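# Results of the structural survey
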2 protein chains.
Amino acid sequence: DLVEKVMDYFSDKNSYFTGVNITITAGPTQEALDPVRYISNHSSGKMGFALAEVAQKIGANVTLISGPVQLSTPNGVTRLNVTSALEMHQASLSGLKNCDIFIACAAVADYRAETVAEQKMKKQPGIDELTIKLVKNPDIIKDVSNHQNRPFCVAFAAETQHLEVYAKDKLKRKNVDLIAANDVAKNGQGFNSEKNALSVFSSEERFDITLADKKAVASQLLKIISQQYALKNKGFK
Amino acid sequence: DLVEKVMDYFSDKNSYFTGVNITITAGPTQEALDPVRYISNHSSGKMGFALAEVAQKIGANVTLISGPVQLSTPNGVTRLNVTSALEMHQASLSGLKNCDIFIACAAVADYRAETVAEQKMKKQPGIDELTIKLVKNPDIIKDVSNHQNRPFCVAFAAETQHLEVYAKDKLKRKNVDLIAANDVAKNGQGFNSEKNALSVFSSEERFDITLADKKAVASQLLKIISQQYALKNKGFK
């Protein structure tokens, strides 16, 4: 029966991802305002790098597209460094021909400056206020999930309130298979923390991963992904 | 005569700064937009940390007020960590009672968000543009240089054009004793680089420090500072 087939598939845990091409985005993006200033966010990249490390260990061919972070590349992982959301968008889409699973773990800036000043902006004496005009960045995960070479898609959602409502809404809007949501307002998890806790949603199910170090959370999340990926690939979903 | 007195003062090079209290600001500041986003700049803090290390070695009591950087505290240096320009401003002014020389090496954000969102700002569907309203941060070095407990003041200027014009203008506007200017548009120096080159201006003189690693540049700059500080303290300027 169905359950038996799935269990068989997962009995050889060391080969979950053998030969599977996984692309993972990680870290923040930096959106330049001028040659020295930028807008960014507090993503450390640790969650994405933990996912890359574990995925590689269980057999996947891992490409890690990373924004500016202070982390070394896990063994056996192919790393592509990018700075801005536009660069991350381009790197993500250009790799889709050889991508089975795409995990969007990066904290991509939603907006970038409409114009980037070529010279350092000078503070103007007497002018006490300044407005910066921002324009929307391309939506990387949405463009990946609607691409003709669509891989199995996993998105992240960092929220500070209404976790489940926002996450389920994002699952639909982004057209992804799974969404991994974490409450970054809670102490000890999320941005720049060593630990994380996730609530993972498919269109039908919810899986909770309790607070643990990011590598343990990565292992659990990859197990959920591999199960859902297998079910989908085998036509069970 | 005057020259002899000055030379005598500097003959014992190991005691340039014995007992002198030096406060150094270093690194960028981060100005929050919401719980996860911020505006910052590419300052690595390396120049300020090099100054702190060298100043401590030549006898000064060093307080290092540092923005968020990935650097360890030099031996024997008292470090105060801050995030925003407002925090750096407060830390700087509250230490002036015991400060003989203040070196403003940090790349302080000129502006901060008028309001910091308490919750993570959500991207609004259909809204492709966004403006952020910024207000001016307090001018740390100007408030230090105009304080009743005014120390000897050194400011930095990171420029991408018109180096000397901007630097000399800043020297006057900020009411400082010395300004150390570097051209961050040049390759291999300045922000996040291991090396630096400086043009140092007093109201009457110019000193050029050629491209070298930041610790060597710090040594040369501290020599200039100690000479100018001594001249001023002994009533020669």
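The rules behind the values
- Residues numbered from 1 in each chain as written.
- Chains lettered and ligands numbered in written order.
- Predicted model: local features only at pLDDT ≥ 70, side-chain atom pairs only at ≥ 80, totals over all residues.
- Heavy atoms only, no water.
- Least-squares fit on C-alpha atoms with pLDDT ≥ 70 in both.
- Contact = heavy atoms within 4.5 Å.
- Pairing = 2+ DSSP bridges.
- Helix = DSSP H or I, 4+ residues; strand = E, 2+ residues; numbered from the N terminus.
- Salt bridge = Lys/Arg side-chain N within 4 Å of Asp/Glu carboxyl O.
- Buried < 20%, exposed > 50% of the residue type's maximum accessible area, 1.4 Å probe, protein only.
- Phe/Tyr/Trp six-rings, centres within 6.5 Å; stacked < 30°, edge-to-face > 60°.
- Axes fitted to C-alpha atoms, helices over the stretch in contact; angles between N-to-C directions.

In this section: the relation of the copies chain A and chain B. Note on the copies: chain A fits chain B at an RMSD of 0.0 Å, the axial shift is 0.0 Å, and the rotation between them is 180 degrees. Here the copies are linked by what is in effect a two-fold axis. No C-alpha of chain A approaches the rotation axis more nearly than that of Ile39 of chain A, which lies at 2.2 Å. A shared binding surface is used by both copies, with 100% of the interface residues of chain A retained as interface residues in chain B.

Whether parallel or antiparallel, the strands of a sheet pair through hydrogen bonds between backbone atoms. If you walk across this open sheet you meet the four strands as S2(A)-S3(A)-S3(B)-S2(B), and the pairing is antiparallel. Across the chains shown, the open sheet's two edge strands, defined by having one partner strand only, are strand S2 (31–32) of chain A together with strand S2 (31–32) of chain B. Across five bridges, strand S3 (residues 37–41) of chain A lies against strand S3 (residues 37–41) of chain B in antiparallel orientation. Residue pairing across strands places Arg37 of chain A opposite Asn41 of chain B, the latter belonging to S3 of chain B.

Inspection of every chain in the model, using the stated rule, returns 28 salt bridges over all chains. For Lys133 of chain B, the salt bridge is made with Glu129 of chain A, and the minimal N-O distance between the two is 3.5 Å. Taken as a pair, Lys133 of chain B in strand S8 (residues 129–136) and Glu129 of chain A in strand S8 (residues 129–136) lie in two separate chains rather than in one. Here Asp169 of chain A makes a salt bridge to Arg173 of chain A, at a shortest N to O gap of 2.7 Å. Here Arg173 of chain A and Asp169 of chain A lie together in helix H5 (residues 163–173), a separation of four residues that amounts to about one turn. You can call Asp169 of chain A partly exposed: its relative accessible area is 38%. Judged by relative accessible area, which is 39%, Arg173 of chain A ranks as partly exposed. Connected through shared salt-bridge partners, Glu164, Lys168, Arg206 and Asp208 of chain A make up one network.

A few words on the packing of aromatic side chains. Residues and elements named next belong to chain A. All told, the structure shown has two aromatic pairs over all chains when counted by the stated rule. Considering the side-chain rings of Phe152 and Tyr229, the 5.7 Å spacing of their centres and the 80 degrees angle between planes classify their relative orientation as edge-to-face. Of this pair, Phe152 sits in strand S9 (residues 152–159) while Tyr229 sits in helix H6 (residues 214–233), and the two are 77 residues apart along the sequence. For the pair formed by Phe152 and Tyr229, the shared burial category is buried.

What follows deals with the sheet that holds S9 of chain A. All names here are of chain A. The eight strands lie next to each other as S5-S4-S1-S6-S9-S10-S11-S12, forming an open sheet whose pairing is mixed. Only two strands of the sheet have a single partner each, and these edge strands are strand S5 (78–81) and strand S12 (206–213). On average, adjacent strands in this sheet sit at an angle of 15 degrees to one another, irrespective of strand direction. As paired elements, strand S10 (residues 178–183) and strand S11 (residues 195–201) share three bridges and run antiparallel to each other.

Looking now at the environment of Thr78 of chain B. All names here are of chain B. The topology assignment puts Thr78 in strand S5 (residues 78–81). C-alpha separation for the pair Thr78 and Phe102, spaced 24 residues apart in sequence, amounts to 14 Å. Apart from residues no more than four positions distant in its own chain, Thr78 is found in contact with Val62, Thr63 and Leu64.

None of the figures reported here should be taken as evidence of function without further support.
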